[in-house]
Amino acid sequence: MFRKKVIILCFVFFLLFSLALTKEKKIPFDGQQALSYIKDLASDTMKGRKSGQPGGEAGAEYIASRFKEWGLEPLTAEGSYFQDFTIEHRNVEEGVLFEIIAGNSRRNFYYGEDWRVQPYSGSGNFVAEIVFAGYGIHAPQKEYDDYAGVDIKGKWVLFSTDSPRRLEEKLKDEAKMDERIKAAQELGARGILAFRMADPQARQMDFAGMKKENYKQDFVFLSLENKIVDFIFKDLKTELRYLFQQIEETSKPVSFETGIKAFVSVSAIFDPKRPTRNVLAKISGVDKDLKNECVIIGAHMDHLGIDPLGEVMNGADDNASGTAVVMEIARIMRLAQFKPKRTVIFGLWAGEEQGFLGSKYYTEHPLFPVEKTLAYINMDMVGHGSGKVRFSGKYYGPTVWDVLKQRLPKQILDYVIEGRGGPGGSDHTPFLEKGIPGFGIMTEGYHFKYHREGDEIDLIKPEILKKTGDCVEQAVEILASEPGNFFPPRRQEMYHLKYQNLINFELPPLDEVIENHKDAKDSHVDLQLAIVTEKEGMIADELRIDILKTLLSGQEKIRESKGLSLYTSSNQFMGDIRQGKTTIMPGLRGINAFRDDPRWAEVLAKQGIYFVIVDNPSFLFAEKELSLEGKKIIEALSKSGLLLIVSSLESSQEKILLENTKKPLILLEKDLPDKEVLELIKKTKSALGLILSRGEEGAFYFTKLEEARKALGSEYLMIVNQECLWKEAGKEQMLDVISERLKVKFETGEVPNLFSATFLRVLGRARGEEPSRPFAFIPF
Ligand SMILES: [Zn+2]
């Protein structure tokens, strides 16, 4: 008996003991530990951790060796912590010099303050003469050539990156930055000194439009502040603004050799395929089903390297802090033998500072299926600030956020500031684009050391690291074990539907829109067009008074509502989108309200009517021209600023209309119009609204849209839905279109054009709001 008891007792003890062993003991996040990783990462040996440079790669090695030491599992199939890839590497090496030499005097200028090396510049160490070359535009076939009559061989060309206003349209292609660079190179120049006239107060030494094809090993491309340009012109017998005024007035170049020289010493590196690596580790899930799903937390480990002045940019906060928090969470989870149901992945990305290159590479070459990745939580700059932690991304991951908000302990939620989130700023962006709910975490409180040499360890507070660490660690624990399905259908399409500034062209009456959507919050419909309806039987003044009444009371109700706002400008619109509001834009269907008295168009526009939509307005046309009435009305519309949207016109009528309008308008069509109409649309800066009909198949529509985009360009094209986007059918149809569009590669800006930017541009032009120009010409 006794022996039996002992055996049983031993067995019970054994059970308890092993239970105690397997039971996870929680290990707290150690802010001091995290701080120690930052000390290592922001130390002189890592030289600013620029990816592709030895210092950056040393950072990756450091993290991987800690992961190994702590016993984390590697993520790759080969059992490595590294995911290798190549990036385009550009660097301006330490030690740069620029001097202007006029006669016997030399003056040198500060790098970064007064001048800068531009992307894809080559290296050089030389003195050369400076030739003033206007805008640096070479278009002899169009009778404009800034290089005509001057010899630029072996010299600097000095030009403004703006364009001559009057020739802007004509020289559009030749004025592209890469074309200007190419011309200077082909004509034998040694280098470019570029500046911008626009706003001499602002620092604007970073230009866009250079391409890697522009890189020539010994061709130098610098940007200058106006200060240097003024210095060059100081002793010349002419005045810069006078020269540009002359070009403007005569449309003729005024280039000349200045007789002044410039010396440069620059070593700029461009390597199109430099090896680098992400660092990835995991803790495998233990649930037999859920382990096939994962939660990723990550941060970028790279920074800016050494700046051209030799200053090491240590990036303690940006982003050794985020890296350290990811590392410390990995360490304590491993130490506590944390056994998540779902797999937890730790990702440290390379090349963020050069455009999210590492995270982009990972989402293109995932090591865990994207469609099984529940969420991504990114940390960038989490070592400094007030003690509040910004946790952004709920609009794009509402299910995930709801769970977190319910389950995170109060003492954590007390210091969390939730945010709508969205792409941009850091590595959560490529995850979002794949449809993975991506959250961005940053501690609150801006410091002025951002991307400056002062981003050093003394900025970092361990207690702030701990706040982020506790919050993210808990969030991961929750998400890694919470039961339920976190994978809604069409996740990726849904992200793009939400992200695009979506216009609902289904045109309900204004009062109805307000009634139905006054409490809208974070809706995917960003701009709703609504019609101020005309009551039956009313005409002339009675009708107009009724319209104004309806409009004014509608405006009042919108102002009082929580979820709606009233369109006033594209700036207001963008601002209200960020607050999750739906903007309402009132318009009229038909022109009864001013047909008898076209001057009323102006009054209505002033009161807040933005567009007039007319279906088959045959009264506008006589044979082969506008009718007398048509002329008056088009004239009045042009003056008023009301945007005209017309549908169901014959192609001949469309031509007449486009030839006679002074303001751009929108043609609604179900199919692509003929070539002449397309040309007129471009010429008048109007737009084609390609109708997405009720019930039309998304794939079929997208084929037509693509045809139109190729023939017309997205700048003049927009999607016009008939089915209501608030309702399931309309939403699903749009998701079908998006699903097709995700299969095609678009240039930047093209997708926004199709969804809203084209419409807003045409509206702006119709209202006479010229887009702000980079070139502000100041006559004297
Ligand atoms: Zn950063």
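Residues numbered from 1 in each chain as written. Predicted model: local features only at pLDDT ≥ 70, side-chain atom pairs only at ≥ 80, totals over all residues. Heavy atoms only, no water.

Before going further, it helps to examine the overall build of the protein chain. Each helix and strand in the protein chain was counted, giving 24 helices and 32 strands. Summarising its shape, the C-alpha atoms of the protein chain cover approximately 115 × 85 × 40 Å along the three principal directions. Taking the intrachain contacts of the protein chain between residues at least 6 apart in sequence as the baseline, contacts between residues at least 24 apart amount to 79%. Positive and negative side-chain charges in the protein chain, numbering 106 and 116 respectively, have mean positions lying 3 Å apart. (Helix = DSSP H or I, 4+ residues; strand = E, 2+ residues; numbered from the N terminus. Contact = heavy atoms within 4.5 Å. Lys, Arg positive; Asp, Glu negative; His and termini not counted. Charge placed at Lys NZ, Arg CZ, Asp CG, Glu CD.)

One recurring pattern in soluble globular proteins: nonpolar side chains tend to sit buried together. One finds Phe67, Val279 and Phe346 to be the most contacted residues of the largest nonpolar core, which totals 72 residues. The element that contributes the greatest number of residues to this core is helix H7 (residues 316–335), accounting for 10 residues. Counting residues in each nonpolar core, the second largest holds 65 residues, with Leu680, Leu692, Leu717 and Ile719 among its members. (Core = buried A, V, L, I, M, F, W, Y, C linked by side-chain atoms within 4.5 Å. Buried < 20%, exposed > 50% of the residue type's maximum accessible area, 1.4 Å probe, protein only.)

Turning next to the coordination of the zinc ion. Of the protein atoms, only His300 (NE2), Asp318 (OD), Asp380 (OD) and Asp380 (OD) coordinate the zinc ion, at distances of 2.0 to 2.5 Å. In this structure, the zinc ion is coordinated by 4 donor atoms arranged in irregular fashion, with angles at the metal of 53 to 145°. Coordination of the zinc ion draws on donor residues from a single chain, spaced H-x17-D-x61-D in sequence. Here the residue His300 occupies a position in strand E14 (residues 294–300), and Asp380 occupies one in the loop between strand E18 (373–379) and strand E19 (389–392), the gap between them amounting to 80 residues. Across the pair, exposure class does not vary: His300 and Asp380 are buried alike. (Donors = N, O, S within 2.8 Å, 3.2 Å for Na, K, Ca; no water. Tetrahedral: all angles 85-135°; square planar, octahedral: opposite > 155°, others 65-115°.)

With respect to the helices and strands, the residue His517 is situated in helix H14 (residues 510–517). When neighbours within four sequence positions are excluded, His517 is seen to be in contact with Leu564 and Trp726.

Take the pattern of salt bridges next. Inspection of the entire model under this criterion finds 47 salt bridges. Lys405 is the salt-bridge partner of Glu418, the closest N and O atoms lying 3.0 Å from each other. Taken as a pair, Glu418 in strand E20 (residues 416–419) and Lys405 in helix H9 (residues 398–407) lie far apart in primary sequence, 13 residues in all. We classify Glu418 as partly exposed; its relative accessible area is 30%. For Lys405, a relative accessible area of 42% puts it in the partly exposed group. The closest approach of N and O atoms between Arg407 and Glu482, which form a salt bridge, is 2.2 Å. Taken as a pair, Arg407 in helix H9 and Glu482 in the loop between helix H12 (462–481) and helix H13 (491–499) lie far apart in primary sequence, 75 residues in all. For Arg407, a relative accessible area of 45% translates into the label partly exposed. The class of Glu482 is buried, set by a relative accessible area of 16%. Among the charged side chains, a salt-bridge network with shared partners connects Glu706, Arg709, Lys710 and Glu750. (Salt bridge = Lys/Arg side-chain N within 4 Å of Asp/Glu carboxyl O.)

Here the focus is the packing of aromatic side chains. Scanning the model with the defined rule gives 31 aromatic pairs in all. In this structure an aromatic cluster arises from ring pairing among Phe132, Tyr135, Phe195, Phe233, Phe244 and Phe256. Lying across the ring of Phe263, Arg106 places its NZ or CZ 5.9 Å from the centre. (Phe/Tyr/Trp six-rings, centres within 6.5 Å; stacked < 30°, edge-to-face > 60°. Lys NZ or Arg CZ within 6 Å of the ring centre and 35° of its normal.)

In this section: the confidence of the model for the protein chain. Predicted confidence across the protein chain gives a mean pLDDT of 92, with 94% of residues reaching 70 or more. Confidence drops under a pLDDT of 50 for residues 772–780, and excluding neighbours within four residues, the segment shows 18 contacts in the predicted structure. (pLDDT = per-residue confidence, 0-100.)

Turning next to the side chain of Thr258. Positionally, Thr258 belongs in strand E12 (residues 256–266). Within the local environment of Thr258, its side chain forms a polar contact with the backbone oxygen of Ile130, the two atoms lying 2.6 Å apart. (Polar contact = N/O pair within 3.5 Å; in protein donor to acceptor, adjacent residues only side chain to side chain.)

Take the pairing of strand E9 (residues 156–160) next. Where burial is concerned, most of E9 is hidden: 5 out of the 5 residues are buried. Here E9 shows a buried face lined by Trp156, Leu158 and Ser160 and a second buried face lined by Val157 and Phe159. Of the strand pairs in this sheet, strand E6 (residues 124–132) and E9 are connected by 3 bridges, and their pairing is parallel. The partner of Val131 across the bridge, within E9, is Val157. Bridge analysis of E9 against strand E10 (residues 191–195) gives 5 bridges, and the strand direction is parallel. Looking at the pairing, Phe159 lines up with Ala194 of E10. (Pairing = 2+ DSSP bridges.)

Next up on the list: helix H2 (residues 31–41). Among all positions of H2, only Gly31, Ala34, Leu35, Tyr37, Ile38 and Leu41 are buried. An end-on view of H2 places all buried positions within 155° of arc, on one side of the element. Two or three places before Gln32, at the opening of H2, Asp30 has a side-chain oxygen 2.9 Å from that residue's backbone nitrogen. (Arc of directions from axis to C-beta.)

Strands sit in the order E4-E3-E12-E6-E9-E10-E11-E5 across an open sheet of 8 strands; the sheet is mixed. Each having just a single partner strand, strand E4 (105–108) and strand E5 (115–117) make up the two edges of the open sheet. Recorded for the sheet is a direction-independent mean angle of 30° between the axes of neighbouring strands. Pairing analysis gives 4 bridges linking E10 to strand E11 (residues 220–224), with the strands arranged parallel. Note that in E11 the partner of Ile192 across the bridge is Phe221. Contacting E9, E10 and E11, helix H4 (residues 177–186) runs over the sheet at an angle of about 155° to E9. Strands E6, E9, E10 and E12 of the sheet are contacted by helix H6 (residues 240–250), whose axis makes an angle of about 60° with E6. (Axes fitted to C-alpha atoms, helices over the stretch in contact; angles between N-to-C directions.)

Inspection of every chain in the model, using the stated rule, returns 0 disulfides. Sulfur of Cys471: no disulfide; nearest cysteine sulfur belongs to Cys294 and is 19 Å away. (Disulfide = S-S within 2.5 Å.)

Tracing the backbone through its elements, the reader meets Thr161 in the loop between E9 and H4. Filtering out sequence-adjacent residues up to four positions away, Thr161 remains in contact with Met177, Arg180, Ala194, Phe195, Arg196 and Phe207.

Here the focus is H4. Across the 10 residues of H4, 7 count as buried, placing the element largely inside the fold. Of all the positions in H4, only Met177, Asp178, Arg180, Ile181, Ala183, Ala184 and Gln185 are classed as buried. In this fold, the buried residues of H4 make contact with strand E7 (138–139), E9, E10 and E11. Just past H4, the residue Gly188 takes up positive phi, approximately 95°.

Moving on: unusual backbone geometry. Note the cis peptide between Asp318 and Asn319, where omega equals 0°. Here Asn319 is to be found in helix H7. Positive phi, close to 70°, is recorded for Tyr120, a residue that is not glycine. Summarising the element assignment, Tyr120 is placed in the loop between E5 and E6. On the accessibility criterion, Tyr120 (14% relative accessible area) is buried.

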